[in-house]
2 protein chains.
Amino acid sequence: MGFLPYHFLHPTFNNRSDEYGGSLENRSRLMRELITEMKSVAGDKAAIAVRISTDELLSFKSESSKSEAHEFFELNGELPDLWDIKLSKWSKECPSSRFSEPGHMEPYNGFVKQLTSKPVVGVGWFTSPDNMVSQINRGILDFVGSARASIADPFLPNKILEGKEDDIRECIGCNICASCYNQGIPVRCTQNPSMGEEWRRGWHPERIKPKSSDNSVLVIGGGPAGLEATLSLARRGYPVAIADSEKELGGRINKESILPGMSPYKRVTDYRVSQINQMDNVDIYLENKLNPDDVLKLGFDHVVTATGSVWQPSIMDEKTAPIAITKTNSILTPEDVLKGCELTSPVIIFDFDYYYMGGLLAEFIKDLGHEVTIITPFEKVSPWSFNSNEVTEIKLKLLEKGIKAITDHRIIEIEESSVRINHEVSNKQKDITRGSLVLVGNRKQNDSLYKSLKSNQEALKASGIKTLQNIGDSNAPGAVVHAVYAGHLYANTFDQEDGDSINEFKLEYPVIQ
Amino acid sequence: MGFLPYHFLHPTFNNRSDEYGGSLENRSRLMRELITEMKSVAGDKAAIAVRISTDELLSFKSESSKSEAHEFFELNGELPDLWDIKLSKWSKECPSSRFSEPGHMEPYNGFVKQLTSKPVVGVGWFTSPDNMVSQINRGILDFVGSARASIADPFLPNKILEGKEDDIRECIGCNICASCYNQGIPVRCTQNPSMGEEWRRGWHPERIKPKSSDNSVLVIGGGPAGLEATLSLARRGYPVAIADSEKELGGRINKESILPGMSPYKRVTDYRVSQINQMDNVDIYLENKLNPDDVLKLGFDHVVTATGSVWQPSIMDEKTAPIAITKTNSILTPEDVLKGCELTSPVIIFDFDYYYMGGLLAEFIKDLGHEVTIITPFEKVSPWSFNSNEVTEIKLKLLEKGIKAITDHRIIEIEESSVRINHEVSNKQKDITRGSLVLVGNRKQNDSLYKSLKSNQEALKASGIKTLQNIGDSNAPGAVVHAVYAGHLYANTFDQEDGDSINEFKLEYPVIQ
C-alpha cells in the first residue's frame, strides 16, 4: 500500500498533531481504518490484500520493537486477509540478475510471517522451483510472486504441476521486460520470444503450428538466433541440422557469460540445447566451419545463416564517421579480452556502445588486477542500462571497485602510450596515458558466408536450395533478445505459402471519437 | 539532402576509389546524378528542391575554393530549382532563444546565393517581419523558413500582408515545441495555446467563439495565466477586469526575463498587454492586492484566481520527503536573488528542479562577480532542458563561465558556513563551504485568496459570485506554457451550458485491424 496511507505512515511526511500523527499507532490509523472499512464492505465476498513497502519502516527505530516495520505488523498484522510485501523503489525490487540473487527480498519480507497469522506474498527474482520451494519451506512466504519468471515461461506453474521442471524456460534476469516498461514500449523477453506477440502475431509460448512440408533446413551458427531457429523449426517437425565452428553451441553467450554477474545468461543456451537434445529430428555438427561449397553440396532445401557479429577495433566521431587509427599497438576488442589476451596497465576502455559491454569489461579487467579507466562520450557508463534498472548499480560497482570513469569525452587520437581525448561540449583536449586500449562500440556482421552464397544465385539454384536467409547478429548486431526473436521469427514464419507473410502482423489503428 | 548522398559527399565516410570517391567532383557525382534524374522525370510538372547541410562542408578545406561548401555550389549550384540550407545537427539548427539570435544561420547559408542563380531557402529563428525582410533585402535568402514563428502565430504571413505586424504573436524561442518533438508527445506552444488543440478541442489560433451571456469576470493576477484568460475572455466579448498587486502586468515573466538570455520571454506579456490595451471591455487594476472581502464586494459574476506560486526555502530527500533546516542564515530562494538581495561568496546553489532556473541563477550570480557552485542530484544541470535543445549549451555556458557543477549529490544537512552533501549512488558524504545558499526545487501555490474565498461558500453565494476557479501556477506550479494554456482553457470553456464540458475533448482510440 503506497501513496496516501503510506505517507501517513512515514514520519518525515506526516507532521500531524492529531490522532493521525505522532506515534506509529497514530500514523497507521488511516491504514487501519481503510482496511477495516474495506473488510466490512467486502464481507465474505472478497478478501482484502494490503501491499506495503517495508524497507523504510525497517530503518526507522521503534521504542517497543525491533523497528517500526516490526511494530507495524505487531499492531496491524491480523487486519487484512493477505499481506503483499514490496520495496519503496521498483528498481531495487526488480534488479537485474547481474546485481541480485534469487530471494534477494528476504531481508525485507522474511520477518513478516513471524508477526502475523495471515498469509504473506512476496517477490524476489524467483526463477526456479527450487528457489520458490525454499522460501515456502523455510516459512518466509506463503505465496510466491514471480512476474519475470512467468514472462520467460508463462507455463511455469503447469510444468511444476506436471513434474516437467527440466522443461522450464528459466528467466535470465536481463530485465529486458523491465526495459520495455521503462521505455513505454510493448514487452519483450530474451528467453520467450512469443512474449508480446500473442495477439499481434498469434504466437504461443508453448505451441507452434506444425510443418507444412518435409523441407529440410540447415542452420549455420549455434548462438541465440541459430539455437532458437533450430528448436522452433524442430518443434514444428522439420528435419533440421545446426552447425557451429566452435566446440560448443552457444555463440556469444559462451563468451559473455564469463563476465561478472552474467552467468544466468547461459540459460539462453542451456534451455535450448537441452530441448534440442531430446528431439530426434535435429542433427548437431560442432567444430564445423562451413564454406560456401560445403553448404551448396549438403543438399538442404533451406539454409539460414546465424553467424553472429564481431567487435571492431575502430572508433567513430560524434557523427559516427570513422576516425583513422595509425598507432595500433595493444588495441583490443572485447573478444580479445574475453579470449584472455595479454593486458598492460593502465588499461583504457573507450566505450561508445550504450549497453553493458564497456562497464562489464571494466569490472572484469579490474578484477584481473589491472588499473582501469573507462572513457565514454555519454554522461554515464552504459546509459541504456537505465532501462534495465541497472545504471545506478553499474555506477556504484565502478565506484566500489575503484574504476575511474571519464564521461563526456571521446578519443580523437591514439598514440603508442597515450590517447588524446576531447570534451564533447567544451572541446577541451587532454592526453591520458595508456597501456592496453580496449575499443567497445562497433560490431560488424559475420556475413561473408551469407554474402558469398547470395552472390551466386545460379549455384544456389543448381544446389536445390530454395531459400537462403541471414538472421540475428550476422544480419543486424543487437542484444541477445533481438537474436532470439529473429530465430523465432524465422522458424515460426518458415515455409509459409505467401513469401511476404513474414512481415504480416496485426496492428492497432487510431480512430477518432 | 542528407543520408546516402551526403555520406558520399563526406570525405571521412567516403572511401571509394572509383568515380564516386576522391575529389569533391567525384564525391558529389551521386547527388548530381540524382538531381539530374529527378529533374528529367519531373520535367515541367514539378520543381526539384535539394536540402543540404553546409556546416561540415564549410570546415573542409578545398584546393580550388574557399571551402568544400563553396566548391560544391560552384560545381552544382545550378542543378536543382531550389536550395534549402540546413545544419547537420538539429539542436544547433533549432537552438532556444537563450542561446541564439535571429539570423544565427547566416554563417552557414549566407554564402550560397553568391554561388547560384537558383533561389535559396533557409531558417534561423526568424520571429519578426524585420528579421525576415533583412535577410531578403541583404541577399542572404530568397525564401524564409520559420517553423517556430508559425507555431506561435500561424497567421503571421496574413498579418504581414494585412499590415497588422503589431498583432503578431511573436515566438519567444523557448523551444517547448521542440521539447514535444523530443519527447514524442503532441505539440504545445507557450505563446499559442491553441497549438495542438485544433482538432482535439476545436481551438483556433485567431478565432474564438463569442460570449453566451453578459456575465462579468474578475481575473486576479496578471501573470501568463491571468493575461491569457483576460485576453481570450475579452475577445469572446465578456466584460473583464484584471487586477494585480504589482505596478506592472506580467507576473513571473517580469522577474525571470532579467536572467541571461531570457528577455524574449517578455513577449508573452507584451503581446497580451498590447492586445488588451486595444479592447474596451477590459479594466486593468494595478497595485491592487485584493483580500477576500474586496472580492466579495466587487460584484462580479465570476472570479478566477491566477495568483502564481513562490519558490520555497526548503529541501527534500530523494523520496521528496522534506529535510529539516536548522541553520537558516543566508538561505535564499530564486525570488530573493531576482529581487537583488545581498549575496555572499562562495554562493552555493542547490538545484533539485529539472528545468532552467538553477542554471540561469548560477550564470546570473556569477555575472554579478560571485564564486558559484551548483549542486544537483541529477547527472547534469537542468536535465529537462535536453528536451528544449538546451542542455549541451547550458553545460558549455557553465564551463565557460567557470561555474563549478557538482552532480549526483544532494544536500542532506545545512550548517552556518557549510553544507553536507551525499553522493546519490555511493552515499559518500563531504562538506562544502558556503556563503549564501540558494535553494531551487520547490514551488508552492499562492492560493490563500482562493482557499479563503472557497472555504466560505455562503458568502460567495450571497455576493452573487456564480463560479470561482483557480488556474495556472496558483493551482499547480509549472512552466509558462502550462500557465498560458490554463488561462486559455478557462476562457475558451467559460460559461458553457454543461459545467463538465471543460474536460470534453476528442480522443483517438485504438482499433484492431
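Residues numbered from 1 in each chain as written. Chains lettered and ligands numbered in written order. Predicted model: local features only at pLDDT ≥ 70, side-chain atom pairs only at ≥ 80, totals over all residues. Heavy atoms only, no water.

### A look at the overall build of chain A
As a reminder, the rule being used: Secondary structure counts use DSSP, requiring at least four H or I residues in a row for a helix and at least two E residues in a row for a strand, with both numbered from the N terminus. Buried means the residue's accessible area, taken with a 1.4 Å probe over protein chains only, is under 20% of the maximum for its type, while exposed means over 50%, and partly exposed covers the values in between. Only heavy atoms matter for contacts: two residues are in contact if any of them lie within 4.5 Å across the pair. Here the Shrake-Rupley method, with its probe set to 1.4 Å, supplies the accessible areas, and only the displayed protein chains count as covering residues. This count recognises Lys and Arg as positive and Asp and Glu as negative, with His and chain-terminal groups excluded. The location of each charge is read from NZ of Lys, CZ of Arg, CG of Asp or CD of Glu.
Scanning chain A from terminus to terminus reveals 21 helices and 22 strands. Taken along its principal axes, the extent of the C-alpha atoms in chain A is 85 × 60 × 55 Å. Taken over 513 residues, chain A has a buried fraction of 53%. Considering only residue pairs separated by 6 or more positions, chain A has 68% of its internal contacts joining residues 24 or more positions apart. Taken as a whole, chain A presents about 23,300 Å² of accessible surface, with 51% of it coming from carbon and sulfur. Distance from the positive charge centre (57 side chains) to the negative charge centre (71 side chains) of chain A: 2 Å.

### Some thoughts on the interface of chain B and chain A
Accessible area lost upon the coming together of the parts serves often as the stated size of an interface. Put simply, the rule reads: For any pair of parts, buried area is found by adding up, for both, the accessible area (1.4 Å probe) each one loses once the two are put together. Just to be clear on terms, a salt bridge is a Lys or Arg side-chain nitrogen sitting within 4 Å of an Asp or Glu carboxyl oxygen. Residues adjacent in sequence count toward polar contacts only when both atoms are side-chain atoms; beyond that, a polar contact is any pair of N or O atoms within 3.5 Å, and within protein one must be able to donate a hydrogen and the other to accept it. Three residue categories are used. Nonpolar comprises Ala, Val, Leu, Ile, Met, Phe, Trp, Tyr, Cys and Pro, charged comprises Asp, Glu, Lys and Arg, and polar comprises the others, including Gly.
The interface of chain B with chain A comprises 29 residues on the first partner and 29 residues on the second. Buried surface at the junction of chain B and chain A, summed over both partners, amounts to about 2,700 Å²; 58% is from carbon and sulfur atoms. Counting across the chain B and chain A interface gives eight salt bridges. Glu379 of chain B is the salt-bridge partner of Lys380 of chain A, the closest N and O atoms lying 2.5 Å from each other. Our count for the contact surface shared by chain B and chain A stands at ten residue pairs in polar contact (both at pLDDT 80 or more). Secondary-structure elements contributing two or more residues to the side of chain B that touches chain A are helix H18 (391-401) and strand S22 (508-512) of chain B. Among the residues making up the side of chain B that touches chain A, the classes are represented as twelve nonpolar, seven polar and ten charged.

### Digging into the layout of surface pockets
We apply this condition: Only protein atoms enter the 1 Å grid, on which a cavity is a set of points fitting a 1.4 Å probe that cannot get out and a pocket is an open set with protein on both sides within 12 Å along at least 5 of 7 lines, lining residues being those with an atom within 4 Å of a point. Grid points are joined across faces, edges and corners, and a volume is the space filled by probe spheres set on the points.
Its volume calculated, the second largest pocket comes out at about 1,200 Å³. Forming the walls of the second largest pocket are 33 residues, and the residues nearest its centre are Ala405 and Thr407 of chain A together with Ala405, Thr407 and Asp408 of chain B. When contributions to the lining of the second largest pocket are tallied by element, the ones reaching two or more residues are helix H18 (391-401) and strand S15 (404-406) of chain A together with H18, strand S15 (404-406) and strand S18 (429-433) of chain B. The biggest single contributor to the lining of the second largest pocket is H18 of chain B, with four residues.

### Re the sheet that holds strand S14 (residues 372-375) of chain B
All names here are of chain B. Put simply, the rule is: A pair of strands is considered paired only if DSSP assigns at least 2 bridges between the two. Where helices are involved, their axes are fitted lines through C-alpha atoms of the stretch in contact, as for all axes, and angles between N-to-C directions lie from 0 to 180°.
Spatially, five strands are ordered S12-S19-S13-S14-S15 in an open sheet, and the strand pairing comes out parallel. Single-partner strands in this sheet number two, and they are strand S12 (331-332) and S15. Direction of pairing for strand S13 (residues 347-351) relative to strand S19 (residues 437-440): parallel, over a ladder of four bridges. Considered in S19, the bridge of Ile349 is made with Val438. Contacts between helix H17 (residues 357-367) and the sheet are confined to S13, S14 and S19, with S13 contributing the most and set at about 170 degrees to the helix.

### Here's the deal with the environment of Lys380 of chain A
Checked against the element boundaries, Lys380 of chain A lands in the loop between strand S14 (372-375) and H18. For Lys380 of chain A, a relative accessible area of 17% puts it in the buried group. Along the backbone, Lys380 of chain A and Pro292 of chain A are 88 residues apart, and their C-alpha atoms lie at a distance of 44 Å. Those residues in contact with Lys380 of chain A that lie beyond four places of it in its chain are Val391, Lys395 and Thr407 of chain A together with Glu379 of chain B. Within polar-contact distance, the side chain of Lys380 of chain A engages the side chain of Glu379 of chain B at 2.5 Å.

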